Amino acid sequence: MDNGVSDLDLFDGIEERRSWREDLCAGATVLRAYALAHEADLLAGVTSVCEVAPFRHMHTPGGFRMSVAMTNCGDYGWVTDRTGYRYDAIDPVSGQPWPQMPDAFLRLAQAAAAAAGFTDFTPDACLINCYEPGARMSLHQDKDEHDFRQPIVSVSLGIPAVFQFGGDARSDKPVRVPLQHGDVVVWGGPARLRYHGVLALKQATHPLLGGRRINLTLRKAA
Ligand code: MD3
Ligand code: FE
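Residues numbered from 1 in each chain as written. Chains lettered and ligands numbered in written order. Predicted model: local features only at pLDDT ≥ 70, side-chain atom pairs only at ≥ 80, totals over all residues. Heavy atoms only, no water.

Chemist: Give me the overall build of the protein chain: which residues, what numbers.
Modeler: For the protein chain, the helix and strand inventory stands at two helices and 13 strands. Against the 2.2 N^0.38 benchmark of 17 Å for 222 residues, the protein chain shows a C-alpha radius of gyration of 16 Å, consistent with a compact globule. Taken along the three principal axes of its C-alpha coordinates, the protein chain extends 45 × 40 × 35 Å. Residues classed as buried in the protein chain amount to 50% of the 222 residues present. Considering only residue pairs separated by 6 or more positions, the protein chain has 70% of its internal contacts joining residues 24 or more positions apart. As displayed, the protein chain has an accessible area near 10,600 Å², and 52% of this comes from carbon and sulfur atoms. (Helix = DSSP H or I, 4+ residues; strand = E, 2+ residues; numbered from the N terminus. Rg over C-alpha atoms; globule rule 2.2 N^0.38 Å. Buried < 20%, exposed > 50% of the residue type's maximum accessible area, 1.4 Å probe, protein only. Contact = heavy atoms within 4.5 Å. Areas by Shrake-Rupley, 256 points an atom, 1.4 Å probe, with all protein chains shown as cover.)

Chemist: Explain the site of ligand 1 to me, and be specific about the residues and the numbers.
Modeler: Taken together, 19 residues form the shell around ligand 1, and within it Asn 129, Tyr 131, Trp 187, His 196 and Arg 213 come nearest. Take His 140: an N or O atom from its side chain is 3.1 Å from an oxygen atom of ligand 1. Between ligand 1 and the protein, one listed contact pairs an oxygen atom with a side-chain N or O atom of His 196 at 3.0 Å. Out of a free accessible area of 500 Å², ligand 1 has 98% covered by protein chains. Of all the secondary-structure elements, those providing two or more residues to the shell around ligand 1 are β6 (125-131), β7 (137-140), β8 (152-158), β12 (196-198) and β13 (213-219). Per element, the largest residue contribution to the shell around ligand 1 is four residues, and it comes from β13. (Near = heavy atom within 4 Å. Polar contact = N/O pair within 3.5 Å; in protein donor to acceptor, adjacent residues only side chain to side chain.)

Chemist: Explain the coordination of the iron ion (ligand 2) residue by residue, including any values.
Modeler: Note on metal geometry: ideal angles are 109.5 degrees for four donors arranged tetrahedrally and 90 or 180 degrees for six donors arranged octahedrally. Each protein donor to the iron ion (ligand 2) is listed here as His 140 (NE2), Asp 142 (OD) and His 196 (NE2); together their distances run 2.0 to 2.2 Å. Judged by its relative accessible area of 21%, His 140 falls in the partly exposed class. (Donors = N, O, S within 2.8 Å, 3.2 Å for Na, K, Ca; no water.)

Chemist: Account for the pairing of strand β11 (residues 184-187), with residues named and values stated.
Modeler: Neither face of β11 is left uncovered, since the one carrying Val 184 and Val 186 and the one carrying Val 185 and Trp 187 both have all their residues buried. Pairing of strand β2 (residues 28-32) with β11, which is carried by four bridges, proceeds in the antiparallel orientation. In the strand pairing of β11, Thr 29 is matched with Val 186. The sheet contact formed by β8 and β11 spans four bridges and is antiparallel. When the sheet's bridge partners are listed, Val 155 is paired in β11 with Val 184. (Pairing = 2+ DSSP bridges.)

Chemist: I'd like to hear about the nonpolar core, residue by residue, with values.
Modeler: Counting residues in hydrophobic clusters, the biggest one holds 33 residues, and the most contacted among them are Leu 42, Phe 105, Val 184 and Leu 216. Contributions of two or more residues to this core are made by α1 (39-52), β3 (69-74), α2 (103-115), β6, β8, β11 and β13. Per-element accounting of this core gives the leading share, seven residues, to α2. In this structure Leu 216 touches Leu 42, Val 46, Phe 105, Cys 126, Leu 127, Ile 128, Val 153, Ser 154 and Val 155, once residues within four positions along its chain are discounted. (Core = buried A, V, L, I, M, F, W, Y, C linked by side-chain atoms within 4.5 Å.)

Below, the structure is given as structure tokens:
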């Protein structure tokens, strides 16, 4: 479904590139290429976060090493280890607070949320996922946040991935949604607790990111 243009009206960019919207279902909106005009600022943000809080492979409570490497910025970060998973204000690796959320992340996410109809999105956490070929994320729900009225905004950067968008039950057959560099997805309302995952990434090369995919998910955790 192509139904128009959504520009980043919170930005005063020199050149706005065209973006188009696809509604997956009530509450789930794909804003294709929405982040492209700001790729340089977003990647600079990722680099600065990683200087303080490098990507690490965390372990699930069951003891499995996650194939996706993760870090966080903002007031809270999502962490998992043998004791369980949670949002924590302290990075367990550095023992310090997570780095501040880069302005470019916050502005892009608020503009995207507003474009999808969520006008009061106040994210306080950004999980940054790093995928290499073969890395995947199995079907899960995001339910560690306190207020499910707030959406989650996800920004895809780097090599492509196939996203699995399931239903409210784990057994609901997921639909496949290919996500490319610059695509932004807003998940909220009735879609907020849908099961979702990412299929194992295929080998590919992106001009800016090489053989990696970075996904930012901005959330209101507290
Ligand atoms: C649909 N990350 O970090 S973001 C995650 O591409 C996560 O790295 C994936 O799922 C990634 O938890 C997908 C897309 C996403 C995020 C939250 C959702 C889709 C969602 C919440 C409800 C429904
Ligand atoms: Fe998720």
